[in-house]
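What follows is each chain in one-letter form.
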Amino acid sequence: MTAAVLKRGARPPKAAQRRPKQGIAGGMTGAKITRRQVGIGAGVVLAVAVIVMIAIGVPRRLWNGFVGWTAAQGWEVRHVELTGAREQDRLAIYAAVLNGPSSAMLATDLDEVRSRLRALPWLADASVQRRLPDTLVIEVKERKPVALWQHRQRLAAIDISGRVLTRERLERWNELPILVGAGANARVRDALELIAATPLGRDVNAAVFVGGRRWDLHFKSGETLALPDRPGEARAALASFAKLDGQGPERLLGGRFTRFDLRLPGRMIVAGPAVAETLAAAEKARRAAAQAQKI
């Protein structure tokens, strides 16, 4: 290690003269903070603050306080304007509308109100709107009964989806077709399309769902027509039967027969008084022929 001794008033060595000066200004150059860095830092602090506030429920408390204040100023559900309800009981509609956790207008969840309304038997859809400060405007669309469904000795009006609408005052829909049997309501569309596809539809009184797979049609004149399992074959068989019923001087329907079975392709099995009479006449003719041969 070497050391240099300087006399008072002497000039420093050249090496010392070339050494850069380290001052306050020079030390701050490397630590200079830009505006962009300040903005990023402030954003991070703000984000952390927001996360903490959300975690402790500050926004919800502020919102609930605001909603409570508006309710105290008269912004709460006091009136319900209802249109479109004919069959559905209005008290049930009002109960569904007002069944929320709060009567405050701003706290009323319109989607939840609509869901509760659609759960009612008659209502297919509903529109719910606010009319500030204190009114809910409700417009409902009701389901339409298309058939009567009989199951386990009970009768109900059903819509096109098979949904039970009511079991009361069913005499209002006496003209509707009757579907009979377990699961018949779920196949109401198939039954109605089958009946509507034939001119004999006006003569059909009921359709019985047999074995969960096919239909027997009961006519107003008392006859039963057994149809095949597959829908396409059932429609074809019914069309053939309608054509046969319209031919000749007398109809197939009308009391001469009691049952027609078209489940076998190309064949029709019949039963009823006319069959018994025909068989009796044939047997009488056979016996007469046999007696004549003996003579």
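Residues numbered from 1 in each chain as written. Predicted model: local features only at pLDDT ≥ 70, side-chain atom pairs only at ≥ 80, totals over all residues. Heavy atoms only, no water.

## Describing the overall build of the protein chain
Our working rule: In DSSP terms, a helix is any run of H or I states spanning at least four residues, a strand is any run of E spanning at least two, and both are numbered starting from the N terminus. Type-normalised accessible area, obtained with a 1.4 Å probe on protein chains alone, sets the label of each residue: buried when under 20%, exposed when over 50%, and partly exposed for intermediate values. Pairs of residues are marked as contacts when any of their non-hydrogen atoms sit within 4.5 Å. Using the Shrake-Rupley algorithm and a 1.4 Å probe, accessible areas are obtained, with residue cover drawn only from the displayed protein chains.
When helices and strands are tallied, the protein chain shows nine helices and 12 strands. The buried share among the 295 residues of the protein chain stands at 29%. For the protein chain, the proportion of contacts with a sequence separation of at least 24, taken over those separated by at least 6, is 47%. Put simply, the protein chain shows about 20300 Å² of open surface, and 56% of that area lies on carbon and sulfur atoms.

## Remarks on the sheet that holds strand S7 (residues 178–180)
Paired through backbone hydrogen bonds, the strands of a sheet run either parallel or antiparallel to each other. Definition in use: Strand pairing is assigned whenever DSSP identifies at least 2 bridges connecting the two strands. Lines fitted to C-alpha atoms define the axes here, with helix axes fitted over just the stretch in contact, and angles between the N-to-C directions of these axes take values from 0 to 180 degrees.
Sheet architecture is open: nine strands sit in the order S6-S5-S4-S7-S8-S9-S10-S11-S12, paired in mixed fashion. Single-partner strands in this sheet number two, and they are strand S6 (164–166) and strand S12 (269–271). Strand-to-strand twist of the sheet, defined as the mean angle between neighbouring strand axes without regard to direction, takes the value 30 degrees. The sheet contact formed by strand S9 (residues 214–219) and strand S10 (residues 224–226) spans three bridges and is antiparallel. In the strand pairing of S10, Leu217 is matched with Leu225.

## Topic: the environment of Arg130
As a reminder of what qualifies: What qualifies as a polar contact is a pair of N or O atoms within 3.5 Å, subject to a donor-acceptor requirement within protein and to the restriction that residues adjacent in sequence count only when both atoms come from side chains.
Along the chain, Arg130 turns up in strand S2 (residues 123–131). Setting aside residues no more than four positions away along its own chain, Arg130 makes contact with Met105, Leu106, Thr108, Leu110, Thr135 and Leu136. Engagement of the side chain of Arg130 in a polar contact is seen with the backbone oxygen of Met105, the distance being 3.0 Å. One polar contact links the side chain of Arg130 to the main-chain carbonyl oxygen of Thr108, over a distance of 2.5 Å.

## A look at unusual backbone geometry
With omega at 15 degrees, the peptide bond leading from Leu132 into Pro133 counts as cis. Here Pro133 is to be found in the loop between S2 and strand S3 (135–142). Located in the positive-phi region is Arg152, a residue other than glycine, with phi close to 55 degrees. Residue position: Arg152 is located in the loop between strand S4 (147–151) and strand S5 (154–158). Phi at Arg169 is positive, roughly 50 degrees, even though this residue is not glycine. Summarising the element assignment, Arg169 is placed in the loop between S6 and S7.

## Here we look at the packing of aromatic side chains
Here is the rule we go by: Any pair of Phe, Tyr and Trp rings, taking the six-membered ring for Trp, is counted once the centres come within 6.5 Å. Such a pair is stacked with planes under 30 degrees apart, edge-to-face with planes over 60 apart, and tilted for the rest.
This structure, assessed with the given rule, holds five aromatic pairs. Plain terms: the ring middles of Trp122 and Trp173 are 6.1 Å apart, the flat faces sit at 40 degrees to each other, and that makes the pair tilted. In this pair, Trp122 sits in the loop between helix H6 (110–118) and S2 while Trp173 sits in the loop between S6 and S7, placing the two residues 51 residues apart along the sequence. The exposure classification of Trp122 matches that of Trp173, with both residues buried. These aromatic residues form a ring-pair network of at least three members: Phe219, Phe241, Phe257 and Phe260.

## Thoughts on the side chain of Asn185
With respect to the helices, strands and loops of the structure, Asn185 is situated in the loop between S7 and helix H7 (188–196). Residue class for Asn185 comes out buried when judged on its relative accessible area of 15%.

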